[in-house]
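Chains, contacts and geometry: an overview
Here's the letter readout for the chains.
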Amino acid sequence: MKYAKNILETIGNTPLVQINKLTADLPCLVLAKYETFNPGNSTKDRMALTMIEDAEADGRLKPGGTIIEGTSGNTGMGLALAAIVKGYKCIFVLSDKQSKEKMDILRAVGAEVVVCPTDVEPTDPRSYYSVSKRLATEVPNSWYVNQYDNPSNAKAHYQSTGPEIWEQTDGKVTHFVVGVGTGGTISGVGKYLKEQNPNIKVWGIDTYGSVFKKYHETGIFDEKEIYPYVTEGIGEDILPENVDFSIIDGFTKVTDKDAAVYTQLLAKQEGMFLGNSAGAAIKGLLQLKEHFTKDDVVVVLFHDHGSRYVGKMFNDDWMKKMGYID
Ligand code: PMP
């Protein structure tokens, strides 16, 4: 018999799927690393499990402990699945711009969810960074995950996602394109791929309202770049330690409107029912058209599933209210 001994053993080994219509104007082959096949429907299952295993191994996480994290939802889902199998409790701190679906899903897998305001400085005591850190000092036998600065985040992608992409493309991958939030995905995958072939180009997708692109180009952390935006999961108002700028060749920024519209187009034209950062990633990839030639094999990673966005990008009333469609 062939079966997984628990749900965690089904993490990884996701398919690589060709994108056809949306990329018809590009000269190259475009392949999507389709991460929604993970059990929590996002790539974050990989790093959640690695972060927990590493914390168990060095004693930061003890039996019966409580896992505390500031998460936009997907990391929380991955942590919650692992916590259920391994016997931990979870408290997740979210900002109020995250979709209601994400909060409901986390509660469905037994987590306690604390909601904080989005439009406050990271150092403000009400911010989700500050609240998670405070809870970690108050709740007994707890462990604060800190996916932004936790090296096990990028390590998970270095050990699994990167090698999978290399093997699935028979080493023919020439470009890797992906949205950047904590930086774990781009840094782990990018490092692995560049170790195999230093000519591979790594492109990050950023949002308007985030600091990454300007910082990468100038070395300046420019607070004028920071303002509220709608796209979920990518862009930051801090520089997480997991973003390894040295392995990133460039960033391109995608507007909230384009990200939302292309999320709908992926579903309607490719049958790919995905989250908002996938729309940003494919639109960003199209913006990079001039960098691709005929023999290139471009891999774009799609982080999460469309079900988490049915009240937003897949709701035409919401799209009209935002001015994204007529
Ligand atoms: N897309 C979504 C939907 C996410 O939840 C995240 C994680 N914040 C990302 C993209 C970015 O991935 P990473 O944190 O590895 O940079």
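Look above for the structure.
Every value quoted in this text rests on a predicted model; they were computed, and no experiment measured them.

1. Some remarks on the environment of Leu-274
In this fold, Leu-274 is placed in the loop between helix H8 (256-270) and helix H9 (276-287). For the pair Leu-274 and Tyr-34, spaced 240 residues apart in the sequence, the C-alpha separation amounts to 9.3 Å. Setting aside chain neighbours within four positions, we find Leu-274 in contact with Thr-36, Thr-263, Leu-266, Phe-302, Asp-304, His-305 and Gly-306.

2. Comments concerning the site of the ligand
Taken together, 17 residues surround the ligand, and among them Gly-181, Thr-182, Thr-185, Gly-233 and Ser-277 come closest. A per-element tally of the shell around the ligand places helix H6 (residues 184-196) first, with three residues. By residue class, the composition of the shell around the ligand is three nonpolar, 12 polar and two charged.

3. Some points on the packing of helix H1 (residues 44-57) against helix H5 (residues 151-168)
Where H1 contacts H5, the axes come no closer than 8 Å and their chain directions differ by 115°. The two elements H1 and H5 cross, and the hand of that crossing is right-handed. For the pair formed by H1 and H5, the contact residues are Arg-46, Met-47, Thr-50, Met-51 and Asp-54 on the first element and Ser-152, Asn-153, Lys-155, Ala-156, His-157, Ser-160 and Thr-161 on the second. When grouped by side-chain class, the residues that make up the contact of H1 with H5 number three nonpolar, six polar and three charged.

4. Side note on helix H3 (residues 100-108)
When we look at burial in H3, the residues that qualify are Lys-102, Ile-105 and Leu-106. All buried residues of H3 lie within an arc of 100° about the axis, which places them on one face of the element. Seen from the buried face of H3, the exposed residues on the opposite side, beyond 90 degrees, are Lys-100, Asp-104 and Ala-108. If you follow the buried residues of H3, they end up packed against helix H2 (74-86), strand E4 (89-95) and strand E5 (112-116). Positive phi appears at Gly-110, one or two residues downstream of H3, with a value of about 85°.

5. Some words on the nonpolar core
Within the largest apolar cluster, 49 residues are counted, with the highest numbers of intra-cluster contacts made by Phe-176, Val-177, Val-178, Ala-281 and Val-300. With 33 residues, the next largest nonpolar core counts Ala-48, Ala-82, Tyr-128 and Ala-156 among its residues.

6. Here's the deal with the pairing of strand E10 (residues 297-302)
Counting buried residues in E10 gives five out of six residues, a clear majority hidden from the surface. Sheet topology places strand E2 (residues 29-34) next to E10; six bridges connect them, and they run parallel. The partner of Tyr-34 across the bridge, within E10, is Phe-302. Pairing of strand E7 (residues 175-179) with E10, which is carried by three bridges, proceeds in the parallel orientation. Note on E10: the bridge partner recorded for Phe-176 is Val-299.

7. A few points about unusual backbone geometry
Phi at Asn-41 is positive, roughly 65°, even though this residue is not glycine. Along the chain, Asn-41 turns up in the loop between E2 and H1. The exposure class of Asn-41 is buried, given the 22 C-beta atoms found within 10 Å. Backbone geometry places Asn-146, a non-glycine residue, at a positive phi of 50°.

8. Some thoughts on the sheet that holds E10
One open sheet holds the six strands; their spatial order is E1-E2-E10-E7-E8-E9, and the pairing between them is mixed. Of all strands in the sheet, those with a lone pairing partner are strand E1 (16-18) and strand E9 (250-254), marking the two edges. Strand-to-strand twist in this sheet, taken as the mean axis angle between neighbours without regard to direction, amounts to 25°. Note that E1 and E2 share three bridges and pair antiparallel. Across the sheet, residue Val-17 finds its bridge partner in E2, namely Ala-32. Helix-sheet contacts for H6 involve E7, strand E8 (201-207) and E10, and the interaxial angle to E7 is about 170°.

9. Here's the deal with H5
Between its first and last C-alpha atoms H5 spans 25 Å; for 18 residues at 1.5 Å apiece the expected length is 26 Å, and the two agree. In the structure, H5 departs most strongly from a straight axis at Tyr-158, where the bend amounts to approximately 35°. By the burial criterion, the buried members of H5 are Ser-152, Asn-153, Ala-154, Lys-155, Ala-156, His-157, Tyr-158, Ser-160, Thr-161, Gly-162, Ile-165 and Trp-166. Looking at the buried positions of H5, the neighbouring elements they touch are E2, H1, H6 and E10. One or two residues past the end of H5 sits Asp-170, with phi positive at roughly 50°.

10. Some words on the sheet that holds strand E3 (residues 66-70)
Taken together, four strands build an open sheet; the order of strands is E5-E4-E3-E6 and the sheet is parallel. The strands lining the two open edges of the sheet, one partner per strand, are E5 and strand E6 (142-144). Taking the axes of each pair of neighbouring strands and ignoring which way they run, one obtains an average angle of 20° across the sheet. Sheet topology places E4 next to E5; five bridges connect them, and they run parallel. Looking at the pairing, Leu-94 lines up with Val-115 of E5.

About the cut-offs
- Residues numbered from 1 in each chain as written.
- Predicted model: local features only at pLDDT ≥ 70, side-chain atom pairs only at ≥ 80, totals over all residues.
- Helix = DSSP H or I, 4+ residues; strand = E, 2+ residues; numbered from the N terminus.
- Contact = placed C-beta atoms within 7 Å.
- Near = placed C-beta within 6 Å.
- Nonpolar A, V, L, I, M, F, W, Y, C, P; charged D, E, K, R; others polar.
- Axes fitted to C-alpha atoms, helices over the stretch in contact; angles between N-to-C directions.
- Left-handed = near helix turned anticlockwise from the far one by under 90°.
- Buried ≥ 20, exposed ≤ 12 C-beta atoms within 10 Å, placed from the backbone.
- Arc of directions from axis to C-beta.
- Core = buried A, V, L, I, M, F, W, Y, C linked by C-beta atoms within 7 Å.
- Pairing = 2+ DSSP bridges.
- Expected span 1.5 Å × (residues − 1).
- Bend = angle between axes of the 7 residues up to and from the residue.

These values are about where atoms sit, not about what they do.
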